[in-house]
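Secondary and tertiary structure notes
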Amino acid sequence: KQEVTQIPAALSVPEGENLVLNCSFTDSAIYNLQWFRQDPGKGLTSLLLIQSSQREQTSGRLNASLDKSSGRSTLYIAASQPGDSATYLCAVRGDSNYQLIWGAGTKLIIKP
Amino acid sequence: GAGVSQSPSNKVTEKGKDVELRCDPISGHTALYWYRQSLGQGLEFLIYFQGNSAPDKSGLPSDRFSAERTGGSVSTLTIQRTQQEDSAVYLCASSPRGPSYNEQFFGPGTRLTVL
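In what follows, the accompanying structure is described. (Residues numbered from 1 in each chain as written. Chains lettered and ligands numbered in written order. Predicted model: local features only at pLDDT ≥ 70, side-chain atom pairs only at ≥ 80, totals over all residues. Heavy atoms only, no water.)

With respect to the overall build of chain B
Each helix and strand counted, chain B has 0 helices and 11 strands in total. Seen in sequence order, chain B has helices and strands lined up from the N terminus as β-β-β-β-β-β-β-β-β-β-β. Against the compact-globule benchmark of 13 Å for 115 residues, chain B has a radius of gyration of 13 Å, which places it among compact chains. If one aligns the C-alpha atoms of chain B with their principal axes, the spans along those axes are about 35 × 30 × 25 Å. The 115 residues of chain B split such that 47% are buried. (Helix = DSSP H or I, 4+ residues; strand = E, 2+ residues; numbered from the N terminus. Rg over C-alpha atoms; globule rule 2.2 N^0.38 Å. Buried < 20%, exposed > 50% of the residue type's maximum accessible area, 1.4 Å probe, protein only.)

Concerning the overall build of chain A
In terms of regular secondary structure, chain A is built from 0 helices and 11 strands. Element order for chain A, N to C, with α for helix and β for strand: β-β-β-β-β-β-β-β-β-β-β. In terms of principal-axis extent, the alpha carbons of chain A reach across some 45 × 25 × 20 Å. A total of 112 residues make up chain A; the buried ones form 45% of that total. A separation of at least 24 residues holds for 54% of the contacts in chain A among residues at least 6 apart in sequence. Split by element, the accessible area of chain A, about 5300 Å² in all, is 48% carbon and sulfur. (Contact = heavy atoms within 4.5 Å. Areas by Shrake-Rupley, 256 points an atom, 1.4 Å probe, with all protein chains shown as cover.)

Regarding the nonpolar core
Ranked by internal contacts, the top residues of the largest apolar core, which has 22 residues, are Leu19(A), Phe25(A), Leu33(A), Trp35(A), Leu75(A), Ile77(A) and Tyr88(A). Going through the elements one at a time, strand S3 (19–25), strand S4 (30–38), strand S5 (44–51), strand S7 (62–67), strand S8 (72–77), strand S9 (86–94) and strand S11 (106–111) of chain A are the ones with two or more residues in this core. When near neighbours in sequence (up to four residues on either side) are disregarded, Ile77(A) contacts Glu17(A), Asn18(A), Leu19(A), Arg61(A), Leu62(A), Asp84(A), Tyr88(A) and Leu108(A). Membership of the second largest hydrophobic core comes to 19 residues, among which are Leu21(B), Ile26(B), Leu32(B) and Leu46(B). (Core = buried A, V, L, I, M, F, W, Y, C linked by side-chain atoms within 4.5 Å.)

Looking at the pattern of salt bridges
Residues and elements named next belong to chain B. This structure, assessed with the given rule, holds 5 salt bridges over all chains. Asp86 is the salt-bridge partner of Arg64, the closest N and O atoms lying 2.8 Å from each other. Pair noted here: Arg64 is in the loop between strand S6 (53–56) and strand S7 (65–69) and Asp86 is in the loop between strand S8 (75–79) and strand S9 (88–95), with a separation of 22 residues, a long-range link. Across this residue pair, the class does not change: Arg64 and Asp86 are buried. (Salt bridge = Lys/Arg side-chain N within 4 Å of Asp/Glu carboxyl O.)

Section: the sheet that holds S8(A)
All names here are of chain A. Pairing in this open sheet of 5 strands is antiparallel, and the strands run S1-S3-S8-S7-S6 from one edge to the other. Every other strand in the sheet has two partners, leaving strand S1 (4–7) and strand S6 (56–59) as the edge strands with one partner each. For this sheet, the mean angle separating the axes of adjacent strands, direction not counted, is 15 degrees. Two strands pair when backbone bridges link them, and S1 and S3 are joined in this way by 4 bridges, in the antiparallel orientation. Counted as the bridge partner of Ile7 is Asn22 from S3. (Pairing = 2+ DSSP bridges. Axes fitted to C-alpha atoms, helices over the stretch in contact; angles between N-to-C directions.)

Written as structure tokens, this is what we have:
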């Protein structure tokens, strides 16, 4: 059974710092991995999607990497801004079905 | 353009009452998903619709939970005889095609509190 873990559960850093959020999964037979952002009272926003055959994806200040063999993904945020404050969720889709299996999230606070 | 909408945004109910949660997907999206996010836990899949049929109901936690979709559009998630453990945020997502399409677009959720 696939399990997804995110570390740390919460992170507070000053504005301008570069930071890394971690996601690990137990079953390497994945179809893809996605990083989402969740703001209070709002829906989930997809940030980056990495196919199982890819190693990384980039969008603006965000870079996500995937190491299937070790069951790990990282989300790198460069030059963090207060507007980046949110909960970041990692979700894995398995090879055999389309259900997304989710981590519990990392709550990120960027201090001005 | 309109995104996925859900109503109500908040629902407080008494234990034992029935509740209905509504999801309006993005127009033209054929696939619709329901998820539940309990406090301190990750999201869990509940049910998936392709058109009006539900090929996968495996995530529904008990027979008190049911869902339907009409006209290939609006979906309603019904929880009968609510229990306190049903308290959670219920999220709906839609995608343009079936599960082979990667991206799901999420609504803002309905926060359900069972007293």
